[in-house]
There are 2 protein chains.
Amino acid sequence: MKSTKDKKTEERILESAKRIFYLKGIDGARMQEIADEAEINKAMLHYYFRSKEKLFDAVFAEAAGLILPKVSELLNSEMPLFRKIEYFTDKYITLLSENSVIPAFVIREMNNNPTKFFRIFNKYFSVKPEIFIKQIRKAVDEGEIIPLDPMQLHINIMSLCIFPFIARPLIMNIFGMNEKAFVNFINKRKREIPEFIINSITNKSNKKHK
Amino acid sequence: MKSTKDKKTEERILESAKRIFYLKGIDGARMQEIADEAEINKAMLHYYFRSKEKLFDAVFAEAAGLILPKVSELLNSEMPLFRKIEYFTDKYITLLSENSVIPAFVIREMNNNPTKFFRIFNKYFSVKPEIFIKQIRKAVDEGEIIPLDPMQLHINIMSLCIFPFIARPLIMNIFGMNEKAFVNFINKRKREIPEFIINSITNKSNKKHK
DNA sequence: GTATTAACTAACCATTTGGTTAATTTCTGT
DNA sequence: ACAGAAATTAACCAAATGGTTAGTTAATAC
């Protein structure tokens, strides 16, 4: 092999592609830029991935494959509701912190090209939300939590976890945070969010109505 | 004037540009496409707006000018906290419903080019969040609500309102909604969100500690 | 009516961009 | 060592794209 660098070309391409695509999206990304970043000839991109779209798909699939199965797993784990909300929030925010540009990337591409998005998405996210929804409904029925629409609660949880990552520049700007302050802010949320949610849905008058 | 159409060319360009830019972002949009949609010659785009970027700026500024002042106004309105949360949520969601593609658009462009974003943003969003933050802090101090970080609460409110618009295709897909069901879902949130929040932050043991 | 300006068009241009090709180098198995 | 395969490169290509220009038509002023 020619390259003096340790990693294989294909892997280096994918890594550069990830960085560029995550940051600029498929429309904003340039094949030349990806090649430059990987320090290889542009033709190599096509040699390994045939086209820009295929390369993008590989990147996208990797992002999806990294996040979605874990979300599914968290959502379907067998756990009492409150503990699950705490567990989910903590683990999910940790996961997003470790991949903090992915949410904005996914949201952008989803809105850009929903058709393609769901083709890939459904491949990794076979698990449906019914289990969690059912669990919430059961908790309502048993009077463990106040009456509410399980779907709304589910989406509330997701909103609270994901939104700050998507709106990160805005939040940092408005509240005058630097990188460190933002990380700190996010870490606090791991505990704040479940507290916020559980506070809201707890049935204070502990009478079970059934 | 030549055109048989009622509206002036400049306005028609802006409207087409809005539709295209909102949907595809600055990178995904094509000047030719905007011209086609407006049913005018591509040169007219440059005649009226000089460049793609200037045209985009006009669109972006209009979107910002449409949303941001109203948000500022809502956030700074003088109202008791609970009523304000209810009022804000209702009015803000209504506003976003009427401009339902703007959130995803703004988020995309913000993450694409934060520098430019905040140049325009700060022009329209001069009002800072301090007033609302202070109001929350006061409510905490007076024992009206439980102890909490005002910033976290503020961001929770925003998350709950905005996120569903950004993640709309996802939500519709996962929960099998059609257009109508989604509108319905959003409308319900106008009441669900403030209830959710107020439930969470209300001091149930009504002893004021001061 | 005529001159001047504004609005508009078609054709054109330079650059960028994704993609290809033909030739060369490096690897690998024997 | 050597043949064939895999990896790599530089140069090239066609299409797309933002932008321009020179000329035309329509409106406005006088």
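Every value quoted in this text rests on a predicted model; they were computed, and no experiment measured them.

### Points about the confidence of the model for chain A
Of the residues in chain A, 94% reach a pLDDT of 70 or more, and the chain-wide mean stands at 92. The low-confidence segment residues 1-6 of chain A (pLDDT under 50) makes 3 contacts with residues lying over four places distant or belonging to another chain.

### A closer look at the interface of chain B and chain A
Taken together, the contact pairs 50 residues of chain B with 50 residues of chain A. In total, chain B and chain A occlude about 4400 Å² of area from one another, counting both sides; carbon and sulfur atoms represent 68% of this. Seen at the junction of chain B and chain A, the total is 2 salt bridges. Here K188 of chain A and D149 of chain B are joined by a salt bridge, their closest N and O atoms 3.8 Å apart. Taken together, the elements giving at least two residues each to the side of chain B that touches chain A come down to helix 1 (9-28), helix 6 (102-112), helix 7 (114-124), helix 9 (150-166), helix 10 (168-174) and helix 11 (179-201) of chain B. Broken down by element, the side of chain B that touches chain A gets its largest block of residues, 13 residues, from helix 9 of chain B. Here the residues of the side of chain B that touches chain A are counted per class, giving 31 nonpolar, 11 polar and 8 charged.

### Quick word on the packing of aromatic side chains
Residue and element names in this part refer to chain A. Inspection of every chain in the model, using the stated rule, returns 25 aromatic pairs over all chains. Note on Y47 and Y48: the rings are 5.1 Å apart at their centroids and 90° apart in plane angle, and the pair reads as edge-to-face. Classification of Y47 by relative accessible area gives exposed; the value is 61%. Centroid distance F60 to F117: 5.6 Å. Interplanar angle 80°. Geometry classified as edge-to-face.

### Let's talk about the domain arrangement of chain A
All names here are of chain A. Here the domain parsing of chain A yields domain 1 (7-50) and domain 2 (60-201). Domain 1 and domain 2 are separated by 30 Å when their C-alpha centres are compared. At the junction of the two partners, domain 1 supplies 9 residues and domain 2 supplies 9 residues. When domain 1 packs against domain 2, the two sides together hide about 680 Å² of surface, and 51% of this comes from carbon and sulfur. Three residues stand out in domain 1 for area buried against domain 2, namely K18, Y22 and I26, and they jointly supply 64% of the buried area on that side. Joining domain 1 to domain 2, the criterion identifies 1 salt bridge. Residues K18 and E62 are paired through a salt bridge, measuring 2.8 Å at the closest nitrogen-oxygen approach. Run the count over domain 1 and domain 2 and you get 5 residue pairs in polar contact (both at pLDDT 80 or more). Split by residue class, the side of domain 1 that touches domain 2 holds 5 nonpolar, 1 polar and 3 charged.

### A few points about the environment of P69 of chain B
All names here are of chain B. Examined against the element boundaries, P69 turns out to sit in helix 4 (residues 52-76). It is 6.3 Å that separates the C-alpha atoms of P69 and Y124, two residues lying 55 residues apart in sequence. Leave out the neighbours within four places in its chain, and P69 touches A64 and Y124.

### Quick look at the pattern of salt bridges
One pass over the structure, following the stated rule, counts 20 salt bridges over all chains. Linking D90 of chain B and K91 of chain B is a salt bridge whose minimum nitrogen-to-oxygen distance equals 3.6 Å. A residue is classified by how much of its surface remains accessible, and K91 of chain B, at 35% relative accessible area, is partly exposed. A single salt-bridge network, built from bridges that share partners, covers E53, D57 and K116 of chain A.

Parameters and conventions
The numbers attached to residues start from 1 for each chain and follow its sequence in the written order. Each chain takes a letter, starting from A, and each ligand takes a number, starting from 1, following the order in which they are written. It should be noted that, the model being predicted, local features are given only for residues of pLDDT at least 70 and side-chain atom pairs only at 80 or more, the latter also being counted only at that level, while totals for whole chains, interfaces and linings use all residues. By convention in this description, side-chain values take in all heavy atoms of the structure and omit both hydrogens and water. One confidence number per residue, pLDDT, is output by the predictor and ranges from 0 to 100. The contact rule is simple, with two residues in contact once any of their heavy atoms fall within 4.5 Å. Buried area: the accessible area, evaluated with a 1.4 Å probe, that two parts lose upon being put together, summed over both parts. Salt bridges are identified by distance alone: a Lys or Arg side-chain nitrogen within 4 Å of an Asp or Glu carboxyl oxygen. Only runs of H or I of at least four residues qualify as helices and only runs of E of at least two qualify as strands under DSSP, and these elements are numbered from the N terminus. Classes in brief: Ala, Val, Leu, Ile, Met, Phe, Trp, Tyr, Cys and Pro nonpolar; Asp, Glu, Lys and Arg charged; the others, Gly included, polar. Pairing of aromatic rings covers Phe, Tyr and Trp, the last counted by its six-membered ring, and requires centre-to-centre distances within 6.5 Å; plane angles under 30 degrees mean stacked, over 60 mean edge-to-face, and any other angle means tilted. For every residue, the accessible area (1.4 Å probe, protein chains only) is compared with the maximum for its type, and the residue is labelled buried under 20%, exposed over 50%, or partly exposed between those bounds. By convention here, the domain bounds are inherited from an automatic or database domain assignment. Polar contact is defined as a pair of N or O atoms within 3.5 Å, subject to the rule that within protein one atom must be able to donate a hydrogen and the other to accept it, and that residues adjacent in sequence are counted only when both atoms are side-chain atoms.

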